[in-house]
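Chains, contacts and geometry: an overview
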Amino acid sequence: MTGDSGYIQDLFDEVPAHTASLPGSAPEALTLLDDWVERDWIRALDHAFAAFVCNIVSEQGEQPSAMLALLAAMVSHQVGRGHVCLDINHLCRDTEPTLVLPPEGVGALPADSLRPSDLFADVSPGELVALLGQSSAVGDGEQATPLILDGSRLYLRRFWRYEQAIAGGIRMRLADRAELVDSSLLARALDTLFGTGQEPDYQKIACALAARNRFSVITGGPGTGKTTTVVNLLAALQSVARESAGADGVSPYLRIRLSAPTGKAAARLSESIGGAVDRLPLEQLPGRPDRSAIPTQVTTLHRLLGSRPGSRKFRHNEDHPLPLDILVIDEASMVDVDLMASVFAALPDKARLIMLGDKDQLASVDAGAVLGELCQRAEAAHYLPETAQWLESVTGCQLPSPLTDTDGLPLDQAVAMLRKSYRFDEHSGIGVLAIATNAGKLDRQLISQCREQAFEDVAWLTADSGSARAGANAPGTELLAGHALTGSRERFRNNGEGRLVNNEPVDPPVGYGHYLRIIRDQKPGAAGETEGREHWDHWATDVLEGFNHFKVLCALRQGPFGVEGLNREIAGRLCGAGLVDRTEGWYEGRPVLITGNDYNLGLMNGDIGVTLSVPWDRNDAGESVDTLRVAFPSSDGSGTIRWISPSRLQSVETVYAMTVHKSQGSEFTHACLVIPDRLTPVLTRELVYTGITRARHWLSLVVSQQGVLKEAVGRGVIRASGLARLLS
Ligand SMILES: Nc1ncnc2c1ncn2[C@@H]1O[C@H](COP(=O)(O)OP(=O)(O)OP(=O)(O)O)[C@@H](O)[C@H]1O
């Protein structure tokens, strides 16, 4: 091995030279695309769309070209991968990285096969744009064409419309700031909530900025106080509303709704927001707003908008807007363009929208990276002198001059970034790793520090990839399964003992043995059986809470370091330790992840439950018999338990290990991030950052090739989208 970069090149397959000729007509292109569908490179849908485009242009008397068929299939393929459009410049410059074709895990191509890069090697972006411009299938949005070309960006019509709707909704709100808030009342409220001082308090600045605009974004990393800030903001807004209200008998309060894209994220915000609202010094604020004027219940966006089973359409839309004055969306990085466009459609023109989230996290699974796009310039703020002056007058804080810019854009004036973590200080390895990952720089020194326990919250485990690839029970996976059982306290400095976070003691890290012992040791006895369900609910709550203390997070599903293999390994290890009694099928202790929405049961994709044995059934003799039920936390954040029979669960999988993608919106006391031994397209900086930041107090990194981790962190994903440009 000659250093990391040489090694990294070796991780990819050799590229064979092709001998086949390029498709010269649309039918030939469709045949090639058929082959790609067969190989699972693209979806049948992508091929079908290309065929559809060829058909409709033929009906117009146009001879469809091979390139039109290929580009139609590729834009559909890109949307399936989370992009809103296909950027022709990127396609020509970096064909295979742009399309991620061939995809992860496929074997080498036959020597005579065409590679995607061969198709676009001899054509310039200008030629492709000109060719598209001549086709009747492509328009600029004015005509009813299936494809839209906007500069070098090729869109499916539906996604172009979403982006236009979002940009329109934002622009309209950015332009309408008049009489939103009384600045002097706001200043008084903010001083009460945050105190006075000239040092920049970015939470106070974010509140002021969001109070000033009908549309605003507050972004920040983990523990930077997004929840704290929004609670203060809502208190300040209700305070100003109450103080400025006339005595006309109309409620002085603003109608506020809190939402999140998933049930898990909604439940997490519900949990943290309640305490923050309780601590508000409301009686000292102008107008002395009631505590009940600040909501603590968080609902999913789908529920808020009124989803209808089997329909993409929501009950709330332009004709039936949401009855609210302020909508807060937490974990906004997970919202895709489709859902975001529906939010704007249902939002009354005068309502405020406040988006909260971490701009550096993985984007939504479906197309779009709305929050990331909106926050592209957040780091340097770009506040106009007029904005900076207003912020200084309302908050009393001096804004650092690098954050001002005489060329700031309208959107910049509505984006606030929180810059100080209250959870991770400069000694926290989780905090340091998160910052280094975001900067794209995981250097040797930092890795050595992690390996040598320089940080008390980070453990480094080196997995032997060679033996892991050799199969089950190999030392690489053995190590991981053992770690999952105990949490490997011995791998942390001082065995994880005696740690304080914000002056509060923190328990040492645990593994899955922890929740399995709660199942065994805290099960209600005979009293619980006779005295009703609450004992069982308490027990299940403790089990679910215990299960949240640890999670194995993987980049991949397949391979020795993927979810599927590790789930088997870990189950085997837990069974070997006598903590579960089997590894397949349904058994007490089996944790499950819901993989598809089930509206009848009220379970959503991503919900997690734990299987428990309860003595609720009766046999013919009337005696109680143990039966398995899966305990899920209620989706409304009320803390109650839903007990569901396993036979009713249609789409579930075991979840000792889960993908980083699925873990978005969740947080675990101890997260174990498994870095695979090969580079794959999904392994990016955003994925590593999202994995690291799922850890609240303890992080273990399982790495077999340092080079892979370093290279992954060097690779940021750029989602093709035109939203930022539409707002510039
Ligand atoms: N200004 C502050 N001063 C002191 N502590 C603070 C401040 N702001 C937030 N905190 C504390 O920091 C922790 C994280 O705050 P909060 O939950 O608001 O952050 P967040 O950005 O929403 O976190 P998450 O990463 O969980 O989304 C909480 O314990 C909170 O009480």
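On a predicted model such as this, the values are computed, not experimentally measured, just so you know. (Residues numbered from 1 in each chain as written. Predicted model: local features only at pLDDT ≥ 70, side-chain atom pairs only at ≥ 80, totals over all residues. Heavy atoms only, no water.)

A few points about the sheet that holds strand 7 (residues 298-300)
One open sheet accounts for 6 strands, arranged 7-6-8-9-5-10; its pairing is parallel. Because the sheet does not close on itself, it has two edges, and the strands there are strand 7 and strand 10 (415-418). Adjacent strand axes in the sheet meet at a mean angle of 25°, parallel and antiparallel pairs treated alike. The pairing of strand 6 (residues 256-260) with strand 7 spans 3 bridges and is parallel. The residue bridging Leu258 from the neighbouring strand is Val298, located in strand 7. Docked against the sheet, helix 12 (residues 226-244) engages strand 5 (215-220), strand 6, strand 8 (326-329), strand 9 (352-357) and strand 10, running at close to 160° with respect to strand 9. (Pairing = 2+ DSSP bridges. Helix = DSSP H or I, 4+ residues; strand = E, 2+ residues; numbered from the N terminus. Axes fitted to C-alpha atoms, helices over the stretch in contact; angles between N-to-C directions. Contact = heavy atoms within 4.5 Å.)

As for the UniProt feature "binding site: ATP" (unreviewed entry) in the protein
In the UniProt entry, the feature "binding site: ATP" (unreviewed entry) is given for Gly220, Gly221, Pro222, Gly223, Thr224, Gly225, Lys226 and Thr227. Among the structural elements, Gly220 can be located in strand 5. When near neighbours in sequence (up to four residues on either side) are disregarded, Gly220 contacts Lys226, Gly357, Asp358 and Leu418. Mapped onto the elements of the fold, Gly225 is located in the loop between strand 5 and helix 12. Look at Gly225 and you get buried, because its relative accessible area is 12%. Aside from chain neighbours lying at most four places away, what touches Gly225 is Gln203 and Leu418. (UniProt positions renumbered as here; feature names shortened; annotations may be inferred. Buried < 20%, exposed > 50% of the residue type's maximum accessible area, 1.4 Å probe, protein only.)

Some words on empty space enclosed by the protein
Throughout the structure, instances matching the rule amount to 2 cavities of 30 Å³ or more. There is about 50 Å³ of room inside the largest cavity. For the largest cavity, the full set of lining residues is Tyr202, Ile205, Ala206, Ala381, Tyr383, Leu399, Leu403, Ala416, Met417 and Arg419. Secondary structure elements with two or more residues in the lining of the largest cavity: helix 11 (202-212) and strand 10. Take the lining of the largest cavity: its biggest share by element is 3 residues, from helix 11. (1 Å grid on protein atoms, 1.4 Å probe; cavity = no way out; pocket = protein on both sides within 12 Å on 5 of 7 lines; lining within 4 Å. Points joined across faces, edges and corners; volume = space filled by probe spheres on them.)

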